[in-house]
Amino acid sequence: MNRQHQPLPMPSQSAAATASFHSRPSTEPSTIKPRQMSHLHSQLAQLQANLSDLESLVRVTAVQAEYIKRLGGLQGALFLAAGRVFERDALGEKSPARQDQQVDDSADVSR
């Protein structure tokens, strides 16, 4: 059990295959860095465009949030007013408009 492990032999590449790999223009070290920089530049341009779009959307959202806040206040006021009307009807109370109308009706009857 005291065997020494010997590394497995790597598959040998022929000299022609190695030469053709390094001779391709897309993988030469002199062209890799400019291509990477060009790619990074295009990604940066896309990022700036996306940030500009995001900024305008955030501005619109801020304005819409103010409108939604106002709308919520109005909706709450309508809800409270409707609740009062229904409470008066449930308790049998007459609203001021109905009292005025009843006074006018009784005045017409007495004439």
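- The name an unreviewed UniProt entry gives the protein is DASH complex subunit Hsk3 like-domain-containing protein, with Lipomyces orientalis as the organism.

## Structural notes on the overall build of the protein
- Across its full length, the protein holds three helices and zero strands.
- Reading the secondary structure of the protein in the N-to-C direction produces α-α-α.
- For the protein, the proportion of its 111 residues judged to be buried stands at 0%.
- Carbon and sulfur atoms make up 61% of the accessible area of the protein, which totals about 10800 Å².

## Overview of a nonpolar patch on the surface
- A contiguous nonpolar surface patch, about 460 Å² in accessible area, is contributed by Leu44, Leu47, Leu51, Leu54 and Val58.
- Along the polypeptide, Leu47 turns up in helix H2 (residues 29–91).

## What about the pattern of salt bridges?
- Counting across every chain of the model gives one salt bridge.
- Ionic pairing is found between Arg59 and Glu55, a salt bridge with its closest N-O pair at 2.8 Å. One end of the pair, Arg59, and the other, Glu55, are both in helix H2, four residues apart, so they sit about a helical turn from each other.

## Things to note about H2
- With 63 residues, H2 should reach 93 Å at 1.5 Å per residue; the first-to-last C-alpha distance of 89 Å fits that figure.
- Remark: Gly92 follows H2 within two positions and exhibits a positive phi of approximately 80°.

So, how was this worked out
- Residues numbered from 1 in each chain as written.
- Predicted model: local features only at pLDDT ≥ 70, side-chain atom pairs only at ≥ 80, totals over all residues.
- Heavy atoms only, no water.
- Helix = DSSP H or I, 4+ residues; strand = E, 2+ residues; numbered from the N terminus.
- Buried < 20%, exposed > 50% of the residue type's maximum accessible area, 1.4 Å probe, protein only.
- Areas by Shrake-Rupley, 256 points an atom, 1.4 Å probe, with all protein chains shown as cover.
- Patch = residues over 30% accessible without salt bridge, like charges linked within 9 Å, V, L, I, M, F, W, Y side chains within 5 Å.
- Salt bridge = Lys/Arg side-chain N within 4 Å of Asp/Glu carboxyl O.
- Expected span 1.5 Å × (residues − 1).

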